[in-house]
Amino acid sequence: MSDLVTRRKPKRLRSLVWNDFKKIKKNGKDLAMCKNCSKEFVGGGTTHLRKHLLRCVKKPSTDVASQVVAVSDNNKEETPPLATPEPPKIISSVKFDQEQSQFDLARMIILHDYPFSLVEHVGFKIFVNNLQPQFKMVSPNTVKADCLTIFEQEKEKLYDVLDKLPGRVNLTANMWTSYQNVSYLCLTAQYIDESWALQKKILNFVVAEPPYTGEAVSELIMTCLMDWNIYHKLFAITMETSSTNDTVVSRIRGLLTEKRMLVGGGLFFHVQCATHCLSLIAQDGLELINEVVHKIRESVKLVKSSQAREQKFNEVANQVRVHSQRSMCLDIPAQWNSTYLMMEVALEYKEAFSYLQKHDPSYGVAPTDREWEVASLISNHLKLLYEVAKDFLGTKYPTSNLYFPALCAMKLQLTEWSKSINSFICSMAAKMKENFDKYWKFSSMLLAVAVILDPRFKMKLVEYYYQRIYGNGAAEHVKEVYDSITNLYNEYAGHSASNVPYQEYSGQVGSVQGNESNGNLLPDVTNDIRDNLRGFDEFLNATTETQRTKSDLDLYLEEGVAPRSHEFNILSWWRINAPKYPVLSRMARDILGVPVSTVAFESTFNTRGR
């Protein structure tokens, strides 16, 4: 009988885990014992054994490096040690560095704005221990100290960059308020580096103690600038429009001008925030129709109050043949663009709202026909501001040459509105124009000079727009801009270490004039009475002297404009042409880096403080 019984062969141990374990029996139970540390484990699988190998302190590191672990996606069982199409994962024996890991943890907390208490979270501790058992978890205070160390290291790096910067530094300064009503000054530097890339760095985010006067804020800014040692390298500072900020800039400009640290006598030093100007103008329009905006907002809120009511409203819209495919949404009062978009879409459903007013007794906030007409007028005029603001949003860190056309178009439009026969539009435009003209007074010269440094436009765009804006007085304003850029260029040329004008034909002239040069292909016949080209020498000297007297600016403006295209990169153009215009390129580096806004451009539409 026993001969008929088929003996079962012992199951083959296919996993490589068994290279470090052996099967034993103890008290009738199957166990697995680690060959390295003799620790015993319950049999019946290898996942827990494989995890032990990752932590086993007595396992030689050379052995760990050679372990191959392959897990099936379906049943989680180890694949046999046969050739497979997918390369196996290798457990590498990289030397663990506690200090580096601590700083990696600190950088992660900085990057993602995690709390310092993250290191005390139970789940995080378990995760880190499973990932690297050798890592010794640190306290929140240690993480805080590591973050401060990283801050000091990064500050030192930025200090060196600013110290070696080939050009000047531009600043934005604005105030922030915390939920605890603590005020902070945020000082940001914007500049074009040696590789012609636009950089933006937050220098300081510091508590501003009361009183928040122009004198106190200017002293705080100067303290920060002296700490960074860049007070003598400033070109311009951009701030929002307010009397306090005007005092701040005036005091700083007076101090730096007295020490002759500003170029152009500080003419371009004060730049007002363009996005703040847009917000003020938009608010001017919306304030005139506060009651109408309130009714439209309540109307949209009623329609969106329930799914059933919204479905009923859509049926009404179809019934009165409203063909709009846009969905209505409530605005965010602090963002004027959302109010504009709410009004724009609501106007498309005007007939549906009118029908609803007649057949729904609960709808008691419907705008009148006159109010709808006023809303339509304001919406049409806000559209220009909205389109300009969207242009501002087109580039993350835009250069200053981009804004002149849009602001000229806005000035023309406001002037046209102010002449409207509609008294409501005329009064609205007068209020808008008042705020815009303040901005134009402070910033138009800088933006005009910046657009001249755009090789696609040069002086031509200034001439085009000023003819439309100033009419018969255009020539005087164009000359004022030309004189400004010429005076600024002359100042840069005077400070240039090597003030050698560009000579377009220097190579050819040298090969003819230089008898000792290897490029001299003609015999010296200057003293030969039979020389028919004796007059040529005088002509050559005269024309060469004229060429030498031309500046970078003259040569740049005389050349034709570059073709316009969406792919054009002005910083790349100047990087390539800097050797051709050594002085003008230094000036372009400083002017193109001037920020026109004090806020990130995703905050362009905000109307409230930070």
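Quick notes on the rules
- Per chain, residue numbering runs from 1 following the sequence as it is written.
- Only residues with pLDDT of 70 or above have their local features reported here, since the model is predicted, and side-chain atom pairs are shown and tallied only from 80 upward, although totals for entire chains, interfaces and linings are computed over all residues.
- Computation of side-chain values: all heavy atoms of the structure, hydrogens and water removed.
- UniProt positions are given in the numbering used here, feature names are shortened, and annotations may be inferred rather than shown by experiment.
- In this analysis a 1.4 Å probe is tested at points of a 1 Å grid over the protein atoms alone, and where it fits but cannot get out there is a cavity; an open set with protein on both sides within 12 Å along at least five of seven lines is a pocket; lining residues have an atom within 4 Å of a point.
- Grid points are joined across faces, edges and corners, and a volume is the space filled by probe spheres set on the points.
- The helix count covers DSSP runs of H or I at least four residues long, the strand count covers runs of E at least two residues long, and both are numbered beginning at the N terminus.
- When residues are sorted by character, Ala, Val, Leu, Ile, Met, Phe, Trp, Tyr, Cys and Pro go into the nonpolar class, Asp, Glu, Lys and Arg into the charged class, and all the rest, Gly among them, into the polar class.
- For salt bridges, the criterion is a side-chain nitrogen of Lys or Arg within 4 Å of an Asp or Glu carboxyl oxygen.
- Using a 1.4 Å probe on the protein chains alone, a residue whose accessible area is under 20% of its type maximum counts as buried, one over 50% counts as exposed, and one in between counts as partly exposed.
- Buried Ala, Val, Leu, Ile, Met, Phe, Trp, Tyr and Cys residues form a nonpolar core when they are joined through side-chain atoms within 4.5 Å.
- Contact between two residues is taken to exist if any of their heavy atoms lie within 4.5 Å; hydrogens are not considered.
- Ring pairs shown here join Phe, Tyr and Trp side chains whose ring centres sit within 6.5 Å, with only the six-membered ring taken for Trp; geometry is labelled stacked below 30 degrees between planes, edge-to-face above 60, and tilted in between.

Per an unreviewed UniProt entry, the protein carries the name BED-type domain-containing protein and comes from Nymphaea colorata. Quoted straight from UniProt, the Subcellular location (unreviewed entry) entry for the protein says "Nucleus". Under Subunit (unreviewed entry), UniProt gives the following word-for-word description of the protein: "Homodimer."

S.K.: So, empty space enclosed by the protein: which residues are in play, and what are the values?
M.R.: Per the stated rule, a full pass over the model turns up two cavities of 30 Å³ or more. Empty space within the second largest cavity amounts to approximately 40 Å³. Lining the second largest cavity are Val-303, Arg-309, Lys-312, Phe-313, Leu-356 and Asp-360. The element that contributes the greatest number of residues to the lining of the second largest cavity is helix α10 (residues 307–319), accounting for three residues. In terms of residue class, the lining of the second largest cavity is made up of three nonpolar, no polar and three charged.

S.K.: Outline the pattern of salt bridges, listing residues and values.
M.R.: Under the criterion given, the structure shown has 20 salt bridges. Its salt-bridge partner being Glu-154, residue Lys-157 comes within 3.5 Å of it at the nearest N-O pair. A residue pair is termed a helical-turn pair when its members lie 3 or 4 positions apart in one helix, as Lys-157 and Glu-154 do in helix α5 (residues 140–163) at three residues. A relative accessible area of 34% means that Glu-154 is categorised as partly exposed. Between Asp-437 and Lys-411 there is a salt bridge, and its shortest N-O distance comes to 3.3 Å. Here Lys-411 lies in helix α14 (residues 404–418) and Asp-437 lies in helix α15 (residues 423–452), a separation of 26 residues in the sequence. On the basis of relative accessibility, which here comes to 10%, the residue Lys-411 falls in the buried class. Several salt bridges share partner residues, and in doing so they unite Arg-107, Glu-154 and Lys-157 into one network.

S.K.: Go over the nonpolar core with me, naming the residues and quoting the values.
M.R.: Residues Phe-404 and Trp-574 are the most contacted members of the largest nonpolar core, which totals 105 residues. Residue contacts for Trp-574: discarding those within four places in its chain leaves Trp-196, Leu-453, Pro-455, Tyr-556, Tyr-581, Leu-584, Ser-585, Ala-588 and Leu-592. Grouped together as the second largest cluster of nonpolar side chains are 28 residues, Ile-221, Leu-225, Ile-252 and Met-261 included.

S.K.: Account for the packing of aromatic side chains, naming residues and giving values.
M.R.: Per the stated rule, a full pass over the model turns up 21 aromatic pairs. Seen from their ring centres, Tyr-184 and Phe-205 are 5.4 Å apart, and the 25° between their planes marks the pair as stacked. Of this pair, Tyr-184 sits in strand β7 (residues 183–192) while Phe-205 sits in strand β8 (residues 198–207), placing them 21 residues apart in sequence. Taken together, a centroid distance of 5.0 Å and an interplanar angle of 80° make the contact between Trp-573 and Trp-574 edge-to-face. Residue Trp-573 is classed as buried on the basis of its relative accessible area of 18%. In this structure Trp-574 comes out as buried when scored by relative accessible area, which is 0%. A network of ring pairs unites the aromatic residues Phe-313, Tyr-349, Phe-353, Tyr-363 and Trp-372 as a single cluster.

S.K.: Summarise unusual backbone geometry; cite the residues concerned and give the values.
M.R.: A cis geometry characterises the amide bond from Pro-210 onward to Pro-211, with omega recorded as 5°. Take Pro-211: it is sitting in the loop between β8 and α6 (214–228). In this model, Ser-38 sits at a positive phi of 65°, which is unusual for a non-glycine residue. Residue Ser-38 is classed as partly exposed on the basis of its relative accessible area, which comes to 45%. Even without being glycine, Lys-458 reaches a positive phi, approximately 55°. Turning to its location among the elements, Lys-458 is positioned in the loop between α15 and α16 (459–470).

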